[in-house]
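Fold and geometry: a report
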Amino acid sequence: MLFVFFISWLIGLAEPAPPQFREQVIDDDISIGYGIALGDVDGDGKPDVLLADKKQIVWYRNGDWKRRVIAENLTEHDNVCIAAQDINGDGKVEVAVGAQWNPSETSNADQSGAVFYLKRSADPEQMWKPVRLPHEPTTHRMKWVKSATGEYYLVVLPLHGRGNKAGEGEGVKIMAYKYPANENDEWKTYILDSAMHLTHNFDFKASSNEKQSGLYVAGKEGVKFIETNFLKQAVGKATTIRGIEQGAGEVRVGDLAAGKNFIATIEPMHGTAVVVYLTDDNAKRIVLDDGIKEGHALAVSDFLGVGSDQVVAGWRSPGKEGKVGVKLYVKKDAGGTQWQPYWIDNNGMACEDIQVMDLNGDGKPDIVASGRATKNLKIYWNVSGK
């Protein structure tokens, strides 16, 4: 009996405590909340929340969380994405945004897609100056990426290729814009790949393992990989990841164990399943949840401090349980073949986007999510283990 008790005690020690998050609404009247970015806007050493809303680009200062507008009405159609990163090392983020969201127009670049770099004003609470950059139609996602040579690029992902109809036709031109030494100089552009179709989102993973370090792009053909030293890679040479050929809309790369990654996806685009792939020679597909609807947000981080990452996913239409929401998925075994779901927001967030960062300096990643139909922007403060 004592032996059985001892084994049970050991098993209990191996299982992390259930995650706990405290919800805070910082805006209950957003228009759509297309995209979130996190970073220090005003240089006070604390990360702020930035949002690409329907017609405005706004930020919320860490602490008072008041809405501050820095750009609006950039184009005829909606804003759609945002990227923020301290590029020049001054402790303040550089900001780029995508606009003119008109996905049904795939040929006319004047009527579909736009890319802007926002030059900050002396007072970051005043309007910033938009600098228009060249673009492809159907601009949809963007991210600042540090290449293998140490230089920053703005990588921009359209939804379609030019003239693409129903996911058929010319491939998507994945563009990299080199951040110039002087932000007033010309931004050189490069095509990283042009073979994929319906490319909805992407992730960047920096890793000591060169074979795992780079861009992971989700689209109609599954998840493709572009190495970190992407400018030496020929156009159209994004490589296939064996075993991940199903269409996907969202992708994030997490740490499974020392030196090993997993790839999380939502399948298909605007899909119904949260999936993890264990990436060995041939990826093993693990379905974490097949009850969501219009899955549109995905992130990975070690929320529980256990040395490996968990998956957080959000969806924007009622799923099998008749609910929208956000869930966290925690692996139950070392190999990552079994996962346990936990509600983060049960029917209070019709999730459009999710981003993760430690916002209060306690060493625990927090979650920020925007809701499309629910019109809200929330922080889920990570209080796990308290």
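Residue indices begin from 1 for each chain and proceed along its sequence in written order. Given that the model is predicted, a residue must reach a pLDDT of at least 70 before its local features are reported, and side-chain atom pairs must reach 80 or more before they are shown or counted; all residues, however, enter totals for whole chains, interfaces and linings. Heavy atoms throughout the structure, all of them, feed into the side-chain values; hydrogens and water do not.

Glancing now at the overall build of the protein. Under the scheme used here, helices are H or I runs from DSSP no shorter than 4 residues and strands are E runs no shorter than 2 residues, and both carry numbers assigned from the N terminus. When helices and strands are tallied, the protein shows one helix and 28 strands. The C-alpha atoms of the protein give a radius of gyration of 20 Å, which matches the 21 Å a tight globule of 386 residues would have. C-alpha extents for the protein along the principal axes are approximately 75 × 45 × 40 Å. Expressed as a percentage of the 386 residues in the protein, the buried residues total 56%. We call two residues in contact when some of their heavy atoms are within 4.5 Å. Sequence separation of at least 24 residues holds for 48% of the intrachain contacts in the protein that already meet a minimum separation of 6. Radius of gyration here is computed from C-alpha atoms only, and the compact-globule reference equals 2.2 Å multiplied by the residue count raised to the power 0.38. Exposure is judged per residue with a 1.4 Å probe applied to protein chains only, and the accessible area is read against the type maximum: over 50% gives exposed, under 20% gives buried, and values in between give partly exposed.

Moving on, we come to the sheet that holds strand S16 (residues 222-227). Ordered in space as S14-S15-S16-S17, the four strands form an open sheet in which the pairing is antiparallel. A strand with exactly one partner marks an edge of an open sheet, and here the two such strands are strand S14 (201-205) and strand S17 (239-240). Being paired, for any two strands, means DSSP has found at least two bridges between them. Two elements, strand S15 (residues 214-219) and S16, share six bridges in a ladder whose sense is antiparallel. The residue of S16 that forms the bridge with Gly214 is Glu227.

Attention now goes to the environment of Val223. Mapped onto the elements, Val223 comes out in strand S16. Since its relative accessible area comes to 0%, Val223 is described here as buried. Linking Val223 and His197, residues 26 residues apart in sequence, is a C-alpha distance of 11 Å. Those residues in contact with Val223, other than ones at most four positions away along the chain, are Tyr216, Val217, Ile241, Ile244, Val251 and Thr265.

With that out of the way, let us pick up the packing of aromatic side chains. Between 30 and 60 degrees the pair is tilted, below 30 it is stacked and above 60 it is edge-to-face, where a pair is any two Phe, Tyr or Trp rings, Trp via its six-membered ring, whose centres lie within 6.5 Å. For the structure on display, the rule yields eleven aromatic pairs. Consider the rings of Trp144 and Tyr179, whose centres lie 5.9 Å apart with planes at 85 degrees: the pair is edge-to-face. Residue Trp144 is found in strand S10 (residues 139-146), and its partner Tyr179 is found in the loop between strand S12 (174-178) and strand S13 (189-193); the two are separated by 35 residues along the sequence. Aromatic rings pair up to connect Tyr117, Trp144, Tyr179 and Trp187 into one cluster. The criterion for a charge sitting over a ring is simple: Lys NZ or Arg CZ within 6 Å of the ring centre, and within 35 degrees of the ring normal. Stacked on the ring of Trp59, the Lys or Arg Arg68 has its end atom at 5.3 Å from the ring centre.

Okay, the side chain of Thr199 next. For Thr199, the position within the fold is in the loop between S13 and S14. Judged by its relative accessible area of 0%, Thr199 is buried. Among the polar contacts listed, one links the side chain of Thr199 to the backbone oxygen of Pro158, at a separation of 2.8 Å. Excluding its chain neighbours within four sequence positions, the residues that come into contact with Thr199 are Leu157, Pro158, Leu159, Val172, Val217, Ala218 and Gly219. Residues adjacent in sequence count toward polar contacts only when both atoms are side-chain atoms; beyond that, a polar contact is any pair of N or O atoms within 3.5 Å, and within protein one must be able to donate a hydrogen and the other to accept it.

In short, shape yes, function no, at least from these values alone.
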